[in-house]
Amino acid sequence: MALLILDKLKRKEMDKYKDTLYVLYGSRTGNAKAVAVLAHEYAKSLGYATVLGDMQDFDYGELQYIENLLITVSTHGEGEPPVQAERFYEQVHSTAVSSVKAKYAVLGLGDSSYRYFCQTGEDLDKRLATLGGQSVMGLVKCDIDFEETAKEWVRDAFVAFKGILPVVNKVDSAGFTFELKSGNNPNSAYRAELLEKKMLTTADSSKKVLHVSLSLKNSGIEYIPGDAIGVYGTNSRAFVDELLQALKFDKAYPVKVNEETHLLKNRLIHEYELTLITPLVIRKYAALVQHKALDRLLDNEAQLEAYAAEGDVLDLVLDFPGQISVEDFLSVLRKLNQRLYSVASSRAAVGDRADITVKVIENNHGERSRNGVCSSFLWNRLDVGDKVPITLETIAKLRLPEDDNVPVVMISAGTGIAPFRAFLQERSARQAKGNAWLIFGERNSKSDFLYQEELLAYKSSGVLSELSTVFSRDQDQKRYVSHVIEENGAALIEQLEKGAVIYVCGSKDTLAVTVRQSLLRIFAKYLKKDAEQALAYFEALKANKQYQEEVY
Ligand SMILES: Cc1cc2nc3c(=O)[nH]c(=O)nc-3n(C[C@H](O)[C@H](O)[C@H](O)COP(=O)(O)OP(=O)(O)OC[C@H]3O[C@@H](n4cnc5c(N)ncnc54)[C@H](O)[C@@H]3O)c2cc1C
Ligand SMILES: Cc1cc2nc3c(=O)[nH]c(=O)nc-3n(C[C@H](O)[C@H](O)[C@H](O)COP(=O)(O)O)c2cc1C
């Protein structure tokens, strides 16, 4: 009898999975979460039983029982899952999950300017199929302007699940609106007052690096060192004028958006990505203008990618002119996205304020100088007292150890110093005792020693145990951070063996690559490891969070 009751209970438990739609999300900045919330709310309004889950807390062991599943997941880093979904992603790809019986649909969120567009969505979609899941509709990928595609996906998913899922509750659409509630957009951003803006490099430097201080008074924004601030910039008026001229469009052309009319020029300044283009943007433009040379470019993937990496929307229009209407042209463009900046301060030191360190992007290509949209917005178009739309990226990849006795080694070049300034302010306020070693590289000591006075003061007061600086252009032979690492290999290994956390922040193309190579070399030399063992050691440090990197 007891066995029968247990059996009945178990069957009832399993029925729960049969009749329930699980909506799982993996999201870093809230976009995939916003879609999942919409799907969950929509399911409830249709009378379905539904469970909403964050991959961060989800018990992957349950995956084998789930029968109806929607997944929304973004991609971060270079084709990696968002930090919050890393564990779930790993478990699903390991032997920990051996089979899946769910009928499922996956929505990947991403940015087509990245090489691995929606990679995590793609990986999870494939993996679920391999494990025995049954896709009810193919993987759908959303670009940066994800809202419309995502809403369509939600509607399509429910069409696919109709007839599969039983309606178990009263259909209740009262109060339900089919809208994405949050996600990242400038309208939901906090408008922070610009308190201070100063150049950290001198006038004779080959670059401009800015220190920007923003007020967080009454914002409710609670950051910790390692977080990043997202800034929504606007395009320069002069650049938009050039573009309008090239297209022979009237700047006052009325553009209708949700019953409101806006001037074309203002739409281009505030809403569209003009300094960055992607192969997809080029393809969409090509389909509308019919240009032979452009068609040839599309046939060569490598050249197409190189063109997209170098060019902007004005190049596209000037290099491949053609007849195009305003509406078609706007349909080609992507939504203007925020830019992230590592927080360079600690609340313990600065209170209701957040500092950022910004390199002003000014690239000269031929006759035209190209300015980065957000860095030049901060440098040229804002004054002290102006409001800056910002959001907070709470989960970054760099985190100080909870135990202040744990040694830290911070390796940076250029603006990569920003999160470490935050670390040092925090450690100073906490009177952290562990060894703190900062390695910092720039071009010239006279013109580019960012935060020089502060860093020297930290060294004198002991907040920094070691300060190693390297300036590539101070001597004939170029020297970089990687040289410092190799010259100090024995000391670095000693810190590692004492449990130190190594942090790296700066350029992904230069710093990250050379630092990794140098670390592998010192692991081989001082720990007597062959290449494979050195790599395994490095991977173990990463898995253990003893190596943390934020590179961009
Ligand atoms: C997690 C994270 C943290 C970041 N932290 C910082 C930070 O602390 N400080 C900081 O300055 N930046 C930081 N960045 C980079 C920042 O988000 C922007 O990408 C950068 O400021 C360029 O934006 P922009 O709008 O000015 O230029 P865009 O309009 O985006 O780019 C215009 C053109 O410049 C090129 N370009 C972009 N960056 C560079 C570069 N560094 N050198 C040369 N050409 C470039 C682009 O490819 C494009 O062709 C971070 C990025 C990430 C992902
Ligand atoms: C630092 C960073 C790295 C990113 N890397 C990728 C990538 O490799 N591939 C991709 O398709 N999208 C990439 N994206 C774009 C995000 O996936 C996209 O903005 C998505 O809408 C974020 O969704 P979320 O808020 O749910 O995390 C990246 C975004 C950031 C900020």
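Numbers given for residues are sequential positions, taken from 1 along each chain in its written order. Chain labels run from A onward and ligand labels from 1 onward, assigned in the order the entries are written. Per-residue local features of the predicted model are confined to residues with pLDDT of at least 70, and side-chain atom pairs are confined, for both listing and counting, to 80 or more; whole-chain, interface and lining totals are unaffected and use all residues. The basis for the side-chain values is all heavy atoms of the structure; hydrogens and waters are excluded.

A.B. asks: Which residues make up the site of ligand 1, and what values go with them?
C.D. replies: Each residue is tested against the molecule or strand, and it is near if at least one of its non-hydrogen atoms lies within 4 Å. In the neighbourhood of ligand 1, 19 residues make up the surrounding shell, with Thr 275, Leu 340, Thr 357, Cys 374 and Ser 375 lying closest. Here a polar contact means two N or O atoms within 3.5 Å. Within protein one must be a hydrogen donor candidate and the other an acceptor candidate, and residues neighboring in sequence count only if both atoms are side-chain atoms. Cys 374 places a polar main-chain atom, nitrogen or oxygen, 2.8 Å from an oxygen atom of ligand 1. Under the convention used here, a 1.4 Å probe and the Shrake-Rupley method define accessible areas, while residue burial counts only the protein chains that appear. Summarising the interface, the protein chains cover 75% of the accessible area of ligand 1, which totals 950 Å² for the free molecule. In this text, helices come from DSSP runs of H or I with a minimum length of four residues, and strands from runs of E with a minimum of two, each type numbered from the N-terminal end. Contributing elements (two or more residues each) for the shell around ligand 1: strand 12 (339-342), strand 13 (353-359) and helix 14 (373-380). Put simply, Ala, Val, Leu, Ile, Met, Phe, Trp, Tyr, Cys and Pro go in the nonpolar bin, Asp, Glu, Lys and Arg in the charged bin, and everything else, Gly too, in the polar bin. Counted by class, the shell around ligand 1 contains 9 nonpolar, 7 polar and 3 charged residues.

A.B. asks: Any details on the site of ligand 2? Residues and values, ideally.
C.D. replies: Near ligand 2 there are 21 residues, and of these Ser 27, Thr 29, Ala 32, Thr 75 and His 76 occur at the shortest range. With respect to ligand 2, the backbone of Asn 31 contributes an N or O atom lying 2.8 Å from an oxygen atom. Between ligand 2 and the protein, one listed contact pairs a nitrogen atom with a backbone N or O atom of Gly 77 at 2.9 Å. Protein chains bury 90% of the 650 Å² of accessible surface belonging to ligand 2 in isolation. The residue makeup of the shell around ligand 2, split by class, is 8 nonpolar, 10 polar and 3 charged.

A.B. asks: Explain the sheet that holds strand 21 (residues 547-551) residue by residue, including any values.
C.D. replies: At least two bridges found by DSSP between two strands are what make those strands a pair. Reading across the sheet, the 5 strands line up as 19-18-17-20-21 and stay open at both edges, with parallel pairing between neighbours. For this open sheet the edge positions go to strand 19 (466-471) and strand 21, each flanked by a neighbour on one side alone. The average angle at which neighbouring strand axes cross in this sheet is 10 degrees, direction not considered. Strand direction decides the pairing type here: strand 18 (residues 436-442) and strand 19, joined by 6 bridges, are parallel. Paired with Gly 441 across the two strands is Val 470, which belongs to strand 19. The angle between two axes is taken between their N-to-C directions and runs from 0 to 180 degrees, where each axis is a line fitted to C-alpha atoms and a helix contributes only its stretch in contact.

A.B. asks: How would you sum up helix 20 (residues 511-527)? Please name residues and give values.
C.D. replies: Expected helix span is taken as 1.5 Å per residue step, with the number of steps being one fewer than the number of residues. Across its 17 residues, helix 20 extends 23 Å between first and last C-alpha, which sits within 8% of the 24 Å expected from 1.5 Å per residue. Here's how the labels work: a residue is buried when its accessible area is under 20% of the maximum for its type, exposed when over 50%, partly exposed in between, all with a 1.4 Å probe on protein chains only. For helix 20, the set of buried residues is Leu 511, Ala 512, Val 515, Ser 518, Leu 519, Ile 522, Phe 523 and Leu 527. For helix 20, the angular spread of the buried residues around the axis is 140 degrees, confining them to a single face. Just beyond helix 20, the residue with positive phi is Lys 528, at close to 55 degrees. This arc is built from the directions going out from the helix axis to the C-beta atoms.

A.B. asks: Please provide a residue-by-residue account of the state of the cysteines, values included.
C.D. replies: In this description, a disulfide is simply a cysteine sulfur pair whose atoms lie within 2.5 Å. For the structure shown, the criterion picks out 0 disulfides. Take Cys 118: it sits in no disulfide, and the sulfur closest to it among the cysteines is that of Cys 142, at 6.8 Å. The cysteine Cys 374 is free of any disulfide, with Cys 505 supplying the nearest cysteine sulfur at 17 Å.

A.B. asks: Now, about the packing of helix 8 (residues 279-289) against helix 10 (residues 301-310): what can you tell me, with residues and values included?
C.D. replies: Any two packed helices are characterised by how steeply their axes cross, that is the angle between the axes, and by the distance between the axes. Relative to each other, helix 8 and helix 10 sit at 105 degrees, their axes nearing to 9 Å. Considering their axes alone, helix 8 and helix 10 lie roughly perpendicular with respect to each other. Here Pro 279, Ile 282 and Arg 283 of helix 8 lie close against helix 10, whose contacting residues are Glu 301, Leu 304, Glu 305, Tyr 307 and Ala 308. For the contact of helix 8 with helix 10, the class distribution of residues is 5 nonpolar, no polar and 3 charged. Comment on the angle field: the value is read as roughly parallel under 35 degrees, roughly antiparallel over 145, roughly perpendicular from 65 to 115, and oblique elsewhere. Any two residues having at least one pair of non-hydrogen atoms within 4.5 Å are treated as being in contact.

A.B. asks: Summarise the sheet that holds strand 13; cite the residues concerned and give the values.
C.D. replies: Taken in spatial order, the 6 strands of this open sheet run 12-9-16-7-8-13, and their pairing is antiparallel. Single-partner strands in this sheet number two, and they are strand 12 and strand 13. The mean inter-strand angle of the sheet, taken between neighbouring strand axes irrespective of direction, is 40 degrees. Bridge count for strand 7 (residues 190-199) against strand 8 (residues 209-215) is 5 bridges, and the pairing is antiparallel. When the bridges of strand 8 are listed, Lys 197 appears paired with Val 212.

A.B. asks: I'd love a proper account of the pairing of strand 1 (residues 20-26), names of residues and values included.
C.D. replies: A large share of strand 1 lies buried, amounting to 7 of its 7 residues. Every second residue of strand 1 is oriented toward a common face, with Thr 20, Tyr 22, Leu 24 and Gly 26 on one face and Leu 21, Val 23 and Tyr 25 on the other, all of them buried. Here is how to tell: hold the view so the strands point away, follow the path from the first strand over the helix to the second, and if it runs clockwise the crossover is right-handed. For the crossover that starts at strand 1, traverses helix 2 (residues 31-45) and ends in the parallel strand 2 (residues 49-54), the hand is right-handed. Pairing between strand 1 and strand 3 (residues 68-74): 6 bridges, direction parallel. In the sheet register, Tyr 25 faces strand 3, and the bridge partner there is Thr 72.

A.B. asks: Describe the side chain of Gln 425, listing the residues and the values that go with them.
C.D. replies: Locating Gln 425 in the fold gives a position in helix 15 (residues 418-430). Accessibility expressed as a relative area gives 7% for Gln 425, which makes it buried. A polar contact of 2.8 Å, which involves the side chain of Gln 425, links it to the backbone nitrogen of Ser 346. With sequence-adjacent residues up to four places away left out, Gln 425 is seen in contact with Ala 344, Ser 345, Ser 346, Ala 349, Val 350 and Tyr 458.

A.B. asks: Talk me through the nonpolar core; I want residue IDs and the actual numbers.
C.D. replies: Ranked by internal contacts, the top residues of the largest apolar core, which has 35 residues, are Leu 268, Leu 274, Ile 282, Tyr 285, Phe 329 and Leu 330. Of all elements in the fold, only helix 6 (237-247), helix 7 (264-270), helix 8, helix 9 (292-298), helix 10, helix 11 (313-319) and helix 12 (326-332) reach the threshold of two or more residues within this core. Not counting residues within four places of it along the chain, the set of residues in contact with Tyr 285 comprises Leu 294, Leu 316, Val 317, Phe 320, Pro 321, Gly 322, Ile 324 and Val 332. Formed by 29 residues, the second largest nonpolar core is a distinct cluster that contains Leu 38, Tyr 48, Phe 158 and Phe 161. Residues belong to one nonpolar core when they are buried, are Ala, Val, Leu, Ile, Met, Phe, Trp, Tyr or Cys, and are joined through side-chain atoms within 4.5 Å.

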